[in-house]
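Given next are the chains, with one letter for each unit.
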Amino acid sequence: MYGMLYESVQHYVQEEYGTHVWKKVCQIIDCKHNSFKTHQIYPDKLMPDIAAALSACTGESFDSCMNFFGKCFVRFFSNFGYDKMIRSTGRYFCDFLQSIDNIHLIMRFTYPKMKSPSMQLTSMDDKGAVILYRSSRTGMSKYLIGQMTEVAQEFYGLHIKAYVIESQNDISGGTAGPIKMTEGPLTVIVKYRLDFDNSEYMAKRVNTEAHPSQLKMPTVKLDVFLDLFPFTFVLNHDMKITHAGEKIVETWIMHNPGANLKGFIGTHVMDLFHCRRPKDTTIDWDTLIQMRAVLFEFELIRTGHNRDAYDAALNMDFENYDEMDLNEAQTMAITKAKEFNDAHPAEAELAAGEDEIDPATGERRSSQGLKSILLKGQMFYIKDVDSLIFLCSPLIENLDELHAIGLYLNDLNPHGLSRELVMAGWQHCSKLEIMFEKEEQRSDELEKSLELADSWKRQGDDLLYSMIPRPIAERMRNSQEQVCESFEEVSVIFIEVLNVYDGGLNSIQGAMMAVNTLNKVFSVLDKEIISPFVYKVETVGMVYMAVSGAPDVNPLHAQHACDMALRVMKKFHPKDMGDVAIRVGINSGPVVAGVVGQKVPRYCLFGDTVNTASRMESSSDPWKIQLSKYTADKVRELGYKVESRGTVKVKGKGEMETYWLLEGPEG
């Protein structure tokens, strides 16, 4: 599917349910796309995956989500101006229903890889209509209902009720295509009933009966139609060709060398043509009578290849053809083939299907064949001859395609716009390609910019989380206010690096050595921080401060604080540190924590517990871990080995009983 479908889903899911729901949906389905490119192809299965994830997040049913996505697409394509095309199809909703396939044909020039479904209006009445949907995708029937209801309400002011009355090969929740139990291709076929007030359209239908002035008009011979539309052919009730225009016979001769010319007339149309659109339509009288408002595309079937436009005639025995059995157009085509045969006798000696000799290698090479011609037109019922006439023109985009088919501008209908469209397509093709390439380039640049913005955002988040705990930062981001809270009990850790800088050295080199030493020691300490058990608070001068139990409440805060201190001691060896040493102090108790500052915000701790922990560190000995009595009692119960130091005079506290932490319970 093209990205525009997913763009509409992303936009309106974010608008209806919020950006957080869309992010959650993307996380569930593991969608890596931050945005979708309008003209890029994405996997079909992504649509039902998004619907299933949205259903899980919101509680809505899967069918409701697919219905919502269909409505989203109709609302979204108005941004591209496609609403004008919908409004231009007709005054009534039934006019739009008859034109859906034609709209898809027009859109394929903008979206050439679009695998559009085929939809036909099969019946109408005062209370609504019935449409037939054919597609190679499954699970999209509810999506189409959403589109139909939104178009009816938005553009025609109708509130319709759409439901499925028949379904074949449709599998809910997937778009990979129907499961094939046989060798032949399967197609999803769904018949919908649309209930709405259709009485005004039915009352104003034109040409339901012939006007008296039309009854007085003289009859027109069928040959006139064949002259005006040289690619036209006529079908009887058995779907066999009874008459054909001059150019279609010529083209058939070009593309089918060696074929019996009499075989064109009287042959079933599906033996000569492949119906490209509507897809998988049964070609019979009753079906085509109901689909007279639908544009058909028939591709001429080729039975061989040839180098020249009239190689088909080279091996034919013209003398044995009875011209009395051919119409005027066919007779003219045979005459031209004879003239070509007489003018190129050397060519006639070659078999129509023979290969050429490559002069460079001396080996045979296959001759280059012509591109199959595609006829686009409408079926009309001719009452006088009780037949269907396919009024059509070749579907040609530019001069290159015209030459590839084997036609010339003079072969096209002079009264239509075929010639002008071919020339215009040739003139604007290169310009459109350049514009498309520029748009693709801008789209790539935009996607790269979005990826870069995401990278910057991640870097900014990482920097923010290094200064403020993640849960605190997210709460501040959501509420836009500073957060301050109290904790009943935490363990505060102070670690000081000693003898880093000799105050007697005033040289810049000495200061730089001190900074490098501190950086190495603090980097090792940073690696020992295991979030969310221990959080680094700050570094002030030679002191490193951390806490366990805040901002995430942790009942084992004393255990985790002691574990970190023991790991730090094992990381450093006195022999390797020279004169540099570290000492640690830990205390447990209540604190108040909050974010302080605007320019460089910091998460700070306040309270007597912090002051006591600082005193435990400042009164400790090098390469020792000093605990307050309260902390020592807590960890002793957990199996940690502690040793009483006795009483220590602590500034601001007087005499305090402290303990040395020796090893953990596993030591």
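What you see is a predicted model, and the numbers here were worked out from it, not measured in a lab.

Core analysis: the biggest nonpolar cluster contains 65 residues, and Met47, Phe69, Phe93, Phe96, Leu97 and Leu194 have the highest contact counts within it. Ranked by residues supplied to this core, first place goes to helix H4 (residues 62–76) with 9 residues. Not counting the four nearest positions on each side in its chain, phenylalanine 96 is found in contact with Ile86, Thr89, Ile103, Met148, Val151 and Tyr156.

So, about the packing of aromatic side chains. All chains considered together, the criterion is met by 23 aromatic pairs. The interplanar angle of 25° and the centroid separation of 5.0 Å between the aromatic rings of phenylalanine 233 and phenylalanine 273 together place this pair among those described as stacked. Here the residue phenylalanine 233 occupies a position in strand E5 (residues 233–235), and phenylalanine 273 occupies one in strand E7 (residues 273–277), the gap between them amounting to 40 residues. Phenylalanine 273 carries the same exposure label as phenylalanine 233, and that label is buried. The interplanar angle of 75° and the centroid separation of 6.3 Å between the aromatic rings of phenylalanine 273 and phenylalanine 298 together place this pair among those described as edge-to-face. Of this pair, phenylalanine 273 sits in strand E7 while phenylalanine 298 sits in strand E8 (residues 295–300), and the two are 25 residues apart along the sequence. For the pair phenylalanine 273 and phenylalanine 298, one class covers both residues: buried.

Below, the discussion takes up the pattern of salt bridges. Any two side chains of opposite charge can pair, given that their charged atoms come close. As enumerated under the stated definition, the model contains 26 salt bridges in all. A salt bridge links aspartate 444 to lysine 37; the shortest N-O distance between them is 2.1 Å. Taken together, the residues span a long stretch of sequence, with aspartate 444 in helix H17 (residues 418–467) and lysine 37 in the loop between helix H2 (19–29) and helix H3 (46–58) at a distance of 407 residues. Residue aspartate 444 is classed as partly exposed on the basis of its relative accessible area of 32%. Owing to a relative accessible area of 11%, lysine 37 belongs among the buried residues under this scheme.

For the rest of this paragraph, the subject is the side chain of threonine 631. Of note, threonine 631 is situated in helix H23 (residues 629–636). Engagement of the side chain of threonine 631 in a polar contact is seen with the side chain of serine 628, the distance being 3.1 Å. Once you skip the residues sitting within four places of it in the chain, threonine 631 turns out to touch Ala558, Ile586, Asn587 and Ser588.

Bringing the packing of helix H1 (residues 3–17) against H2 into the picture now. Interaxial distance between H1 and H2 falls to 6 Å at its minimum, and their mutual angle equals 130°. For the element pair H1 / H2, the angle class is oblique. Residues Val9, Gln10, Val13, Gln14 and Tyr17 of H1 form the contact with H2, whose own contacting residues are Thr19, His20, Val21 and Trp22. Each residue belonging to the contact of H1 with H2 can be placed in one class, and the counts come to 5 nonpolar, 4 polar and no charged.

With that settled, consider helix H20 (residues 557–571). Taking 1.5 Å per residue as the helical rise, H20 with its 15 residues ought to reach 21 Å, and the 21 Å between its terminal C-alpha atoms agrees with that figure. Residues of H20 that are buried include every one of His557, Ala558, His560, Ala561, Cys562, Met564, Ala565, Leu566, Val568 and Met569, and no others.

Taken in spatial order, the 6 strands line up as E6-E5-E12-E11-E8-E7 in an open sheet, and their pairing is antiparallel. Both edges of this open sheet fall to strand E6 (241–244) and E7, since each of them pairs with a single strand only. Across this sheet, the average inter-strand angle for adjacent strands is 35°, counted without regard to direction. When E5 meets strand E12 (residues 387–394), the two strands line up antiparallel, connected through 3 bridges. Opposite leucine 235, over in E12, you have leucine 388 as the bridge partner.

Taking strand neighbours across the sheet as the criterion, the 4 strands line up as E1-E2-E4-E3 in an open arrangement whose pairing is antiparallel. Every other strand in the sheet has two partners, leaving strand E1 (118–125) and strand E3 (161–168) as the edge strands with one partner each. Recorded for the sheet is a direction-independent mean angle of 20° between the axes of neighbouring strands. Of the pairings in the sheet, the one linking E3 to strand E4 (residues 188–195) comprises 7 bridges and is antiparallel in character. Note that in E4 the partner of valine 164 across the bridge is tyrosine 192. Packing against the sheet, helix H6 (residues 93–107) makes contact with E1, strand E2 (128–135) and E4, and its axis sits at approximately 165° to E1.

Counted residue by residue, helix H11 (residues 246–255) has 10 buried out of 10 residues, so it is predominantly covered. Residues of H11 that are buried include every one of Glu246, Lys247, Ile248, Val249, Glu250, Thr251, Trp252, Ile253, Met254 and His255, and no others.

Attention now moves to the confidence of the model for the chain. On average, residues of the chain score 79 in pLDDT, and 78% of them are at 70 or above. By mean pLDDT, strand E10 (residues 364–365) is the weakest element of the chain at 36, and strand E18 (residues 625–628) is the strongest at 95. Scored below 50 in pLDDT, residues 175–184 shows 21 contacts in the model against residues more than four places distant or in partner chains.

Within E12, 8 of the 8 residues are buried, leaving the element largely enclosed by the surrounding structure. Here E12 shows two buried faces, one formed by Ser387, Ile389, Leu391 and Ser393 and the other by Leu388, Phe390, Cys392 and Pro394. The pairing of strand E11 (residues 374–382) with E12 spans 8 bridges and is antiparallel. Looking across to E12, one finds that glutamine 378 is bridged to leucine 391. Taking the residues between adjacent antiparallel strands as the criterion, E11 and E12 are bridged by 4 residues, where aspartate 386 takes a positive phi near 50°.

We now examine the packing of H6 against helix H7 (residues 141–156). The N-to-C vectors of H6 and H7 enclose an angle of 135°; their axes lie 11 Å apart at closest approach. As judged from the angle between their axes, H6 and H7 are oblique. Helix-helix and strand crossings are classified by hand; for H6 and H7 the assignment is right-handed. Where H6 approaches H7, its residues Phe93, Phe96, Leu97 and Ile100 are matched on the opposing element by Met148, Val151, Ala152 and Tyr156.

So, about unusual backbone geometry. Cis geometry marks the peptide bond from alanine 550 to proline 551; its omega dihedral reads 0°. Looking at where proline 551 falls in the secondary structure, it is placed in the loop between strand E15 (543–548) and H20. Phi angles above zero are rare outside glycine, and aspartate 30 is one such case at about 60°. With respect to the secondary-structure elements, aspartate 30 resides in the loop between H2 and H3. Of the residues examined, aspartate 30 reaches a relative accessible area of 51% and is grouped as exposed. Positive phi outside glycine occurs at methionine 239, with the angle close to 65°.

Rules of the game
- Residues numbered from 1 in each chain as written.
- Predicted model: local features only at pLDDT ≥ 70, side-chain atom pairs only at ≥ 80, totals over all residues.
- Heavy atoms only, no water.
- Core = buried A, V, L, I, M, F, W, Y, C linked by side-chain atoms within 4.5 Å.
- Buried < 20%, exposed > 50% of the residue type's maximum accessible area, 1.4 Å probe, protein only.
- Helix = DSSP H or I, 4+ residues; strand = E, 2+ residues; numbered from the N terminus.
- Contact = heavy atoms within 4.5 Å.
- Phe/Tyr/Trp six-rings, centres within 6.5 Å; stacked < 30°, edge-to-face > 60°.
- Salt bridge = Lys/Arg side-chain N within 4 Å of Asp/Glu carboxyl O.
- Polar contact = N/O pair within 3.5 Å; in protein donor to acceptor, adjacent residues only side chain to side chain.
- Axes fitted to C-alpha atoms, helices over the stretch in contact; angles between N-to-C directions.
- Parallel < 35°, antiparallel > 145°, perpendicular 65-115°, else oblique.
- Nonpolar A, V, L, I, M, F, W, Y, C, P; charged D, E, K, R; others polar.
- Expected span 1.5 Å × (residues − 1).
- Pairing = 2+ DSSP bridges.
- pLDDT = per-residue confidence, 0-100.
- Left-handed = near helix turned anticlockwise from the far one by under 90°.

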